[in-house]
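Fold and geometry: a report
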Amino acid sequence: MNVDFLIIGQGIAGTLLSHTLLEAGASVLVIDEYRPNSASRIAAGVINPVSGRRFTISWLYDDIYPVAVKTYQHFEQLLGVPVFKDRNIWNVLPSEQLRDAFMERTSGLAYMQVPETDPYEQFLHQPFGAAVIKGATVLLHNLLPAWREYLKEHKSLREERIDLAALKINADGIQYKDISAGRIIFCEGAQTISNPWFNQIPFLLNKGEVLRVRIPGFNTEDIIKRSITLVPQSPETYWVGSTFAWDYPDEMPTPEKREYLEAGLQQLLKVPYEILEQQAGVRPSGTDRRPIMGLHPEYPALGIFNGLGTKGTSLAPAMAAQFAAYLLRNEPLQPETDIKRFFNRRKG
Ligand SMILES: Cc1cc2nc3c(=O)[nH]c(=O)nc-3n(C[C@H](O)[C@H](O)[C@H](O)COP(=O)(O)OP(=O)(O)OC[C@H]3O[C@@H](n4cnc5c(N)ncnc54)[C@H](O)[C@@H]3O)c2cc1C
């Protein structure tokens, strides 16, 4: 089998890159080992223009958001499943001081509103009020399996773990078993740290834990956010996340983080809830919190698309478009995202 690109991984990164390259007319084969706790399968897919306790507008948000909307809507047409949903993010303000900071940082922005009525009085504790941010969710539980099926139907997916010992680099690209490819692009998420060609990139992996809960009688389409975030999944059922840990012995859910998430629920909710499930996954973040993409300086047949960190759903469409333009037409990458920043630093 002969393809232009062999892509390793079908999380958000591999999904968006394979889609963009196929749309541009390239031939693509994806190899993915299904892992139920990969970051893309644990994430709620929230797109939030504002991040952090200081309500900073997310990096490049006004540029990347329109690309994200257009790309996810294109997936909807192609795959026939809902993928993108506009949602209000109902921010419960935790203190007077943070209420003032929020108003100062976000007033005048098109995606920020002060609510005139409170539909949640019966359900939520909110002594300092709330503010609404216009956000969205990407329905990853629809997108990832539907894209997987699409790839399978087009004979463009193999479900296995790549055996790197069987990968050969040659003058025209790479050979992997019966596959010849011009380039191999690793979209391995957190598992990239065991990739011998790219393991010098300084990743700062970040474990996150979430709960799935049922809140009897509580139904909304909004995302509710305070110290924790509630994202609607199905009637009365919510994703509750998430935690952060940079030092962790394994990828298993822990009692400590369950306690943290439950404390957040108790602080927020006036009504009872029931825990259905606890899950954990690892976010693939770089130390500078910017996407990581490019070709290996010594072996340009090998590439990487990673580092989507906490913002995979908003970043991936625009970053995949930039990386595809680089791969197909040699258009320059932004210095902030190019892997050269790590290799240059090592030489210097
Ligand atoms: C708890 C939590 C909550 C999050 N919430 C959000 C959110 O609300 N919004 C948001 O935008 N982002 C969120 N994120 C971040 C987001 O999930 C990540 O940015 C994104 O999923 C990273 O995607 P990826 O494709 O790079 O990696 P992954 O999702 O890890 O995908 C990598 C894929 O590659 C496969 N793979 C790896 N190595 C190999 C190999 N050697 N051979 C074959 N297959 C391989 C894996 O099995 C997997 O399928 C969250 C993350 C976590 C953990």
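Residues numbered from 1 in each chain as written. Predicted model: local features only at pLDDT ≥ 70, side-chain atom pairs only at ≥ 80, totals over all residues. Heavy atoms only, no water.

**A word on the site of the ligand**
In the neighbourhood of the ligand, 39 residues make up the surrounding shell, with Asp 32, Glu 33, Ser 40, Gly 309 and Thr 313 lying closest. Interatomic distance of 2.9 Å between a backbone N/O atom of Ala 13 and an oxygen atom of the ligand. At 3.5 Å from a nitrogen atom of the ligand is found a side-chain nitrogen or oxygen belonging to Glu 188. Notes on the ligand: free accessible area 1000 Å², of which the protein chains cover 97%. Those elements that provide at least two residues to the shell around the ligand are helix 1 (12–23), helix 2 (39–42), strand 13 (206–214), strand 17 (274–283) and helix 7 (312–329). (Near = heavy atom within 4 Å. Polar contact = N/O pair within 3.5 Å; in protein donor to acceptor, adjacent residues only side chain to side chain. Areas by Shrake-Rupley, 256 points an atom, 1.4 Å probe, with all protein chains shown as cover. Helix = DSSP H or I, 4+ residues; strand = E, 2+ residues; numbered from the N terminus.)

**Examining the packing of aromatic side chains**
This model, assessed by the stated rule, comprises 16 aromatic pairs. With a centroid separation of 6.5 Å and an interplanar angle of 25°, the aromatic rings of Tyr 72 and Phe 75 are classed as stacked. Residue Tyr 72 and its partner Phe 75 are both found in helix 3 (residues 61–79); the two are separated by three residues, about one turn of the helix. With respect to burial, Tyr 72 and Phe 75 carry one shared label: buried. Their ring planes at 20° and their centres at 6.0 Å tell us that Phe 244 and Trp 246 sit as a pair that is stacked. Above the plane of the ring of Phe 244 lies Arg 283, whose end atom (NZ or CZ) is 4.0 Å from the centre. (Phe/Tyr/Trp six-rings, centres within 6.5 Å; stacked < 30°, edge-to-face > 60°. Buried < 20%, exposed > 50% of the residue type's maximum accessible area, 1.4 Å probe, protein only. Lys NZ or Arg CZ within 6 Å of the ring centre and 35° of its normal.)

**Details of the packing of helix 1 against helix 5 (residues 140–153)**
At a closest axis distance of 11 Å, the pairing of helix 1 and helix 5 adopts a crossing angle of 50°. Classified by the interaxial angle, the pair formed by helix 1 and helix 5 is oblique. Here the hand of the crossing between helix 1 and helix 5 comes out left-handed. Counting all contacts with helix 1, which are made through Ile 12, Thr 15, Ser 18, His 19 and Leu 22, the residues of helix 5 involved are Leu 140, Leu 143, Leu 144, Trp 147 and Leu 151. (Axes fitted to C-alpha atoms, helices over the stretch in contact; angles between N-to-C directions. Parallel < 35°, antiparallel > 145°, perpendicular 65-115°, else oblique. Left-handed = near helix turned anticlockwise from the far one by under 90°. Contact = heavy atoms within 4.5 Å.)

**Looking at the pairing of strand 8 (residues 130–138)**
Counting buried positions over the nine residues of strand 8 gives eight, a clear majority of the element. One ladder, built from two bridges, connects strand 3 (residues 46–47) with strand 8; its direction is antiparallel. Counted as the bridge partner of Val 46 is Thr 137 from strand 8. For strand 6 (residues 84–92) and strand 8, the ladder comprises nine bridges, and the chain directions are antiparallel. Bridge pairing in strand 8 places Phe 84 opposite Val 138. Of the pairings in the sheet, the one linking strand 7 (residues 112–113) to strand 8 comprises two bridges and is antiparallel in character. In the strand pairing of strand 8, Gln 113 is matched with Val 132. (Pairing = 2+ DSSP bridges.)

**Here's the deal with unusual backbone geometry**
The amide bond that connects Gly 241 to the next residue, Ser 242, takes the cis arrangement and shows omega of -20°. With respect to the helices and strands, the residue Ser 242 is situated in the loop between strand 16 (237–241) and helix 6 (255–268). Phi is positive for Glu 236, which is not a glycine, with a value near 65°. As for its placement among the helices and strands, Glu 236 is situated in the loop between strand 15 (229–234) and strand 16. In this structure, Asn 330 takes a positive phi of about 60° despite not being glycine. Relative to the helices and strands, Asn 330 is located in the loop between helix 7 and helix 8 (340–347).

**Examining the packing of helix 3 against helix 7**
Contact pair helix 3 / helix 7: the axes reach a minimum separation of 8 Å and the direction vectors enclose 85°. Looking at the two axes, helix 3 sits roughly perpendicular to helix 7. In contact with Ile 64, Val 67, Ala 68, Thr 71 and Tyr 72 of helix 3, helix 7 contributes Thr 313, Ser 314, Leu 315, Pro 317, Ala 318 and Met 319. Residue classes in the contact of helix 3 with helix 7 are distributed as eight nonpolar, three polar and no charged. (Nonpolar A, V, L, I, M, F, W, Y, C, P; charged D, E, K, R; others polar.)

**Notes on the pattern of salt bridges**
For the structure shown, the criterion picks out 19 salt bridges. A salt bridge links Arg 214 to Glu 236; the shortest N-O distance between them is 2.7 Å. In this pair, Arg 214 sits in strand 13 while Glu 236 sits in the loop between strand 15 and strand 16, placing the two residues 22 residues apart along the sequence. Members of the salt-bridge network, linked through shared partners, are Asp 32, Arg 148, Glu 149, Lys 152 and Glu 159. (Salt bridge = Lys/Arg side-chain N within 4 Å of Asp/Glu carboxyl O.)

**Concerning the nonpolar core**
With 49 residues, the main nonpolar core has Leu 17, Leu 21, Tyr 72, Ile 185, Phe 305 and Phe 323 as its most contacted residues. Examining the composition of this core, we find that nine residues originate from one element, helix 7, more than from any other. Not counting chain neighbours up to four residues away, the residues in contact with Leu 21 comprise Phe 5, Ile 7, Ala 26, Val 28, Ala 324, Leu 327 and Leu 328. Core analysis: the second largest hydrophobic core is formed by 27 residues, Leu 6, Ile 162, Leu 205 and Phe 342 among them. (Core = buried A, V, L, I, M, F, W, Y, C linked by side-chain atoms within 4.5 Å.)

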